[in-house]
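Residue-level structural notes
Listed here are the chains, written in short residue letters.
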Amino acid sequence: MNTKLRLTILSFLQFFIWGSWLITIGAYWFQTKQWSGAQFGAIFSTMGIASIFMPSLMGIVADKWVNAEKLYGALHILGGIVLFTVPLVTDPGTMFWVMLLNMIFYMPTLALSIAVSYSVLKREGLDVVKDYPPIRVWGTIGFIVAMWTVSLLGFEKSANQFYVASGAAILLGFYSFTLPKCPPTAKDMPSRSLVDVLGLKSFALLRDTKMLTFFLFAMLLGAALQLTNAYGDTFLHDFDKIPAYQDTLTVKYPAIIMSISQISETLFILAIPFFLRRFGIKQVMFISMIAWVLRFGLFAYGDPGNGLWMIILSCIVYGMAFDFFNISGSLFVETQTAPSIRASAQGLFMMMTNGFGAVLGSSLSGIIIQAYFTNADNSKDWHSIWITFALYALVIAILFVVLFKHKHEPQAIESVHHEPVLSTEGS
């Protein structure tokens, strides 16, 4: 088996695991278990909590002591074992700790999968910039295939989705031990301080008003991402309570409809270079915020009948909402920071979006939905929920235009020489 194919399998399974439950856990939580929205928000915050510290800590281990492919495999096996126990959980409090443990094992594998792939490609004399993106795109395909698999098997509201994820995780774990060796690269180098290793020096950037403003908006947009990941699928499932919609494709296979979002994401990546050259980083980030307004607003007025086009358009718009901010944001960091702290600054960007932003969005949305938009019979006022989220995104967009000062410099974008910026959250 050639190197590219072996890494393609790794990328496919990496995101197949996540796609097996990330979008559909809401249906299991609300439709099957009928647990509260506030507690569900805490479940989604586990990704953010784990993202704040685990990738950096496991990076230290891979750099200093353990082969990256072995650490990667061990984490997946441990995560698979935890996922296998999820169906045994009978209360939301225990579910939080089980999912947090699962995320502690899973989140560092996102970075390790890139580290392993880059190491293997470089050893084979291949071009990372040219050869890795076609490999990584199979991760998004894996995420989509997982969603379709769970949906077509009728597992969206079932605990069986976690068995699918568990099986894939354990399979990938053992498969990882067959990959080419990726030994520690800093084994014999002098130890750096924990502050250096964790990239905490990049926090000095927050003394600059423009950078502080940017990172605060990164956190607020990171919160928006969690809203559709957490509630999109269960929102569509709730239409089965309306007789006119019970036999529609949308209600029978919501995850398949939601997978349009991931398909859109892969396509909008191709449009980013044009938009960046034409409009600049600030305008592209603003466009992404307006796309979030449309994402939520179209959900508010869509339905599986005559309003199906709104739901589909909302999923298409998601690609623009997600990609445009993540990639233009990383380019902003690349062009505005010194080379000596650039990697740490990118880590800070990811920490604000996938870490603090994810915790903020998951926790607050759960509390707000439970307090203001949950009826006495435990049903949800989805129209008001999505309108509230749309207004949230609109306020962020307006404040961004007013507060974030940045001049478009096409030459700065053209001169950036960086490895491909590849999204990880939700695909």
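In every chain, residue numbers begin from 1 and rise along the written sequence. Residues qualify for local features only when their pLDDT is at least 70, as the model is predicted, and side-chain atom pairs are given and counted only at 80 or more; totals for whole chains, interfaces and linings, by contrast, use all residues. Side-chain descriptors were evaluated using all non-hydrogen atoms of the structure, hydrogens and water having been removed beforehand.

Under an unreviewed UniProt entry, the protein chain has the name Nucleoside permease and belongs to Hymenobacter volaticus.

What is meant by a nonpolar core is a set of buried Ala, Val, Leu, Ile, Met, Phe, Trp, Tyr and Cys residues, joined one to another through side-chain atoms within 4.5 Å. The buried label applies to any residue whose accessible area, calculated with a 1.4 Å probe on protein chains only, is under 20% of its type's maximum; exposed applies above 50%, and partly exposed to all values in between. Judged by nonpolar contacts, the single largest core of 131 residues is most densely connected at Trp 18, Trp 21 and Met 95. Strands are runs of DSSP state E lasting at least two residues, helices are runs of H or I lasting at least four, and both sets are numbered from the N terminus onward. Considering each element in turn, this core owes the most residues, 15 residues, to helix α5 (residues 92-123). The contact criterion used is simple: two residues touch if any of their non-hydrogen atoms lie within 4.5 Å. For Trp 21, the contacting residues outside a window of four places in its chain are Leu 83, Met 99, Asn 102, Met 103, Gln 161, Phe 162 and Ala 165.

By convention in these notes, a salt bridge is any Lys or Arg side-chain nitrogen within 4 Å of a carboxyl oxygen on Asp or Glu. Applying the stated rule across the entire model yields three salt bridges. Between Lys 4 and Asp 131 there is a salt bridge, and its shortest N-O distance comes to 3.2 Å. With Lys 4 in helix α1 (residues 3-19) and Asp 131 in helix α6 (residues 128-152), this residue pair connects regions lying 127 residues apart in the sequence. Overall, Lys 4 belongs to the partly exposed group, its relative accessible area being 38%. One salt bridge in this structure joins Asp 238 and Lys 241, with 3.3 Å as the shortest N-O distance. Judged by relative accessible area, Lys 241 falls into the exposed class, the value being 53%.

Axis separation between helix α3 (residues 37-64) and helix α4 (residues 68-85) bottoms out at 8 Å; the angle between their running directions is 140°. Viewed along their axes, α3 and α4 adopt a mutual orientation that is oblique. The segment α3 lies against α4, with Met 58, Val 61 and Ala 62 engaging Ala 68, Leu 71 and Leu 75. Ten residue types, Ala, Val, Leu, Ile, Met, Phe, Trp, Tyr, Cys and Pro, are classed as nonpolar, four, Asp, Glu, Lys and Arg, as charged, and the remainder, Gly among them, as polar. A per-class count over the contact of α3 with α4 returns six nonpolar, no polar and no charged. Working convention: axes come from line fits to C-alpha atoms, limited for helices to the stretch in contact. Angles between N-to-C directions cover 0 to 180 degrees. An angle below 35 degrees is treated as roughly parallel, one above 145 as roughly antiparallel, one from 65 to 115 as roughly perpendicular, and anything else as oblique.

This paragraph deals with empty space enclosed by the protein. In the cavity and pocket records, a cavity denotes points on a 1 Å grid over the protein atoms alone where a 1.4 Å probe fits but cannot get out, a pocket denotes an open set with protein on both sides within 12 Å along at least 5 of 7 lines, and lining residues are residues with an atom within 4 Å of a point. Grid points are joined across faces, edges and corners, and a volume is the space filled by probe spheres set on the points. Per the counting criterion, the structure on display carries four cavities of 30 Å³ or more. By volume, the largest cavity amounts to about 90 Å³. The wall of the largest cavity is formed by Leu 221, Gly 222, Leu 225, Trp 292, Ala 321, Phe 322, Phe 325, Asn 326, Thr 353 and Asn 354. Counting only elements with at least two residues in the lining of the largest cavity, the list comes to α9 (209-237), α13 (308-336) and α14 (342-372). For the lining of the largest cavity, the leading source of residues is α13, giving four residues. Of the residues assigned to the lining of the largest cavity, the class counts are six nonpolar, four polar and no charged.

The interhelical angle for the contact between α1 and helix α7 (residues 160-176), taken along N-to-C directions, is 150°, at an axis separation of 9 Å. When the axes of α1 and α7 are compared, the pair comes out roughly antiparallel. In this structure, the crossing between α1 and α7 has a hand that is left-handed. Mapping the contact onto sequence places Arg 6, Ile 9, Leu 10, Leu 13, Gln 14, Phe 16 and Ile 17 in α1 and Val 164, Ala 165, Ala 168, Ala 169, Leu 171, Leu 172 and Tyr 175 in α7. Its residues assigned to classes, the contact of α1 with α7 comprises 12 nonpolar, one polar and one charged. For a crossing to be left-handed, the near helix must be turned anticlockwise from the far one by less than a right angle; the clockwise case is right-handed.

Our focus in this paragraph is the packing of aromatic side chains. For this analysis, a ring pair means two rings from Phe, Tyr or Trp (six-membered ring only for Trp) whose centres lie within 6.5 Å, classed as stacked if their planes differ by under 30 degrees, edge-to-face if by over 60, and tilted for the remaining angles. Counted under the stated rule, the structure contains 37 aromatic pairs. Their ring planes at 55° and their centres at 5.0 Å tell us that Phe 84 and Tyr 163 sit as a pair that is tilted. Here Phe 84, found in helix α4, pairs with Tyr 163, found in helix α7; they are 79 residues apart in sequence, far enough to count as distant. Overall, the relative accessible area of 33% leaves Tyr 163 in the partly exposed class. On the numbers, 5.3 Å between centres and 65° between planes, the contact of Phe 332 with Phe 404 is edge-to-face. With a gap of 72 residues between them, Phe 332 in helix α13 and Phe 404 in the loop between α15 (382-403) and α16 (410-415) connect regions that are remote in the sequence. Each member of the pair, Phe 332 as well as Phe 404, carries the same accessibility label: buried. For a lysine, the NZ atom is tested; for an arginine, the CZ atom; a charge sits over a ring if that atom is within 6 Å of the ring centre and within 35 degrees of the ring normal. One Lys or Arg, Arg 136, reaches over the ring of Phe 15 and ends 4.3 Å from the middle of that ring.

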